[in-house]
Amino acid sequence: MRIEEIKPSQHKQGRLLVKMEDGTILRLSEAEAASFGLRAGMELDSGQLEAIQAAVRRSAARRKAAELAGSRALSRRELEQKLTRKGLAAEDVQDAADWLEDLGAIDDGDYALLVARHYGARGYGPGRVRQELLRRGVPKEFWEDALEQLPEARESIDAFLQKKCGSAAPDERERKRLCDALLRRGFSWEEIREAWNRLGAEMPEE
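Residues numbered from 1 in each chain as written. Predicted model: local features only at pLDDT ≥ 70, side-chain atom pairs only at ≥ 80, totals over all residues. Heavy atoms only, no water.

### A look at the overall build of the protein
Inclusion rule: In this description a helix means any DSSP run of H or I spanning at least four residues, a strand means any run of E spanning at least two, and both kinds are numbered starting from the N terminus. Only the C-alpha atoms count toward the radius of gyration. The rule for a globule is 2.2 Å times the residue count to the power 0.38. With a 1.4 Å probe rolled over the protein chains alone, any residue whose accessible area is under 20% of its type maximum counts as buried; one over 50% counts as exposed, and the rest are partly exposed.
Across its full length, the protein holds 10 helices and three strands. Reading the protein from its N end, one meets helices and strands in the order β-β-β-α-α-α-α-α-α-α-α-α-α. In terms of overall dimensions, the protein is more spread out than a globule: its C-alpha atoms have a radius of gyration of 27 Å, far above the 17 Å expected for 206 residues. Seen through its principal axes, the protein has C-alpha atoms that stretch 85 × 30 × 25 Å. Burial analysis of the protein (206 residues in total) assigns 38% to the buried set.

### Describing the environment of Asp98
Tracing the sequence through the fold places Asp98 in helix 4 (residues 90-103). Taking relative accessible area as the criterion, Asp98 reaches 28% and is therefore assigned partly exposed. The spatial distance from the C-alpha of Asp98 to the C-alpha of Tyr124 is 32 Å, given a sequence separation of 26 residues.

### A few points about the packing of helix 2 (residues 46-71) against helix 3 (residues 76-85)
Going by this rule: Helix axes are fitted to C-alpha atoms over the stretch in contact, other axes to C-alpha atoms as well, and angles between N-to-C directions run from 0 to 180 degrees. When describing relative orientation, an angle under 35 degrees is termed roughly parallel and one over 145 degrees roughly antiparallel, while 65 to 115 degrees is termed roughly perpendicular and anything else oblique. By definition, turning the near helix anticlockwise from the far helix through less than a right angle yields a left-handed crossing, and turning it clockwise yields a right-handed one. We call two residues contacting when some pair of their heavy atoms lies within 4.5 Å. Side-chain classes follow a simple rule in which Ala, Val, Leu, Ile, Met, Phe, Trp, Tyr, Cys and Pro form the nonpolar group, Asp, Glu, Lys and Arg form the charged group, and the remainder, Gly included, forms the polar group.
Where helix 2 meets helix 3, the closest approach of the two axes is 10 Å, and the angle between their N-to-C directions is 125 degrees. It follows that helix 2 is oblique to helix 3 by the angle criterion. The crossing of helix 2 and helix 3 is right-handed. Between helix 2 and helix 3, the contacting residues are Ala61, Lys64, Ala65 and Leu68 on the first element and Leu79, Lys82 and Leu83 on the second. Partitioned by chemical class, the residues of the contact of helix 2 with helix 3 number five nonpolar, no polar and two charged.

### Focus: the pattern of salt bridges
Here is the rule: Each reported salt bridge corresponds to a side-chain nitrogen of Lys or Arg within 4 Å of a carboxyl oxygen of Asp or Glu.
Per the counting criterion, the structure on display carries 13 salt bridges. The partner of Arg177 in a salt bridge is Glu174, with the nearest N and O atoms 2.7 Å apart. Taken together, the residues Arg177 and Glu174, both in helix 9 (residues 172-184) and three residues apart, mark about one turn of the helix. Since its relative accessible area comes to 45%, Arg177 is described here as partly exposed.

### Observations concerning helix 6 (residues 126-135)
Defined as follows: The directions from the helix axis to the C-beta atoms are what the arc is built from.
Listed as buried for helix 6 are Val129, Glu132 and Leu133. For helix 6, the angular spread of buried residues about the axis comes to 100 degrees, placing them on one side. Across from the buried face of helix 6, at angles greater than 90 degrees, the exposed residues are Gln131, Leu134 and Arg135. Looking at the buried positions of helix 6, the neighbouring elements they touch are helix 5 (108-121) and helix 7 (143-147). Where helix 6 terminates, the next one or two residues include Gly137, which has phi positive at roughly 80 degrees.

### Notes on the side chain of Asp108
Note the threshold: Positive: Lys, Arg. Negative: Asp, Glu. His and the chain ends are not part of the count. Polar contacts, as counted here, are pairs of nitrogen or oxygen atoms within 3.5 Å of one another; within protein the pair requires one atom able to donate a hydrogen and one able to accept it, and residues that are adjacent in sequence qualify only if both atoms are side-chain atoms.
Tracing the backbone shows Asp108 in helix 5. One buried charged residue, Asp108, remains without a salt bridge, the closest side chain of opposite sign being Arg76 at 6.4 Å. From its side chain, Asp108 meets the backbone nitrogen of Arg76 in a polar contact 2.9 Å long.

### A closer look at the sheet that holds strand 3 (residues 25-29)
In plain terms, the rule: Think of it this way: DSSP has to see at least two bridges between two strands before they count as a pair.
Read from one edge of the open sheet, three strands run 1-2-3, paired in antiparallel fashion. Among the strands making up the open sheet, the edge pair consists of strand 1 (3-8) and strand 3. Neighbour to neighbour, the strand axes of the sheet diverge by 25 degrees on average, direction disregarded. Note: strand 1 against strand 2 (residues 15-20), five bridges, orientation antiparallel.

Spelled out as structure tokens, the structure:
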């Protein structure tokens, strides 16, 4: 297939528009076009055209991945899922994720620390953080370091109970409601029981 025209994009600096004889327009970077030696009037065989189209798809996937990673922090799996939902081929998704990982734009270890600090600051415990790390697809090899970022469970639980109870002693129904809330926040029953004991409200062992 013959290349009819090559011209610069009016919207993206450094990008070229390669118009083929069938009306197809391929969008390549100047470096990509140079690597293939493209020029107007050049005839491309099926193998060359396929290689160029693959490069176009790869570049598009990388641009989209960079856009997603630039808008908010993501784990590698979250990024891959978002790219896949946009209809990108598995090999292009893998390439884009590898590329951003090599650049340091996505890092599951750093992301795990970010998640732990965020939920720890909001008063959540280890159980909830583990749920979030699992949900976000962070490999378990990064969990331990992340969980070390959490405040002491004692401090978080005491602050929660102080905020909810103040100086008033809650009745049994209210204590149960607060216990359930703390369990949902990711604290263990033993940690919760000890907190109540510190407040003088003896709780049975579960």
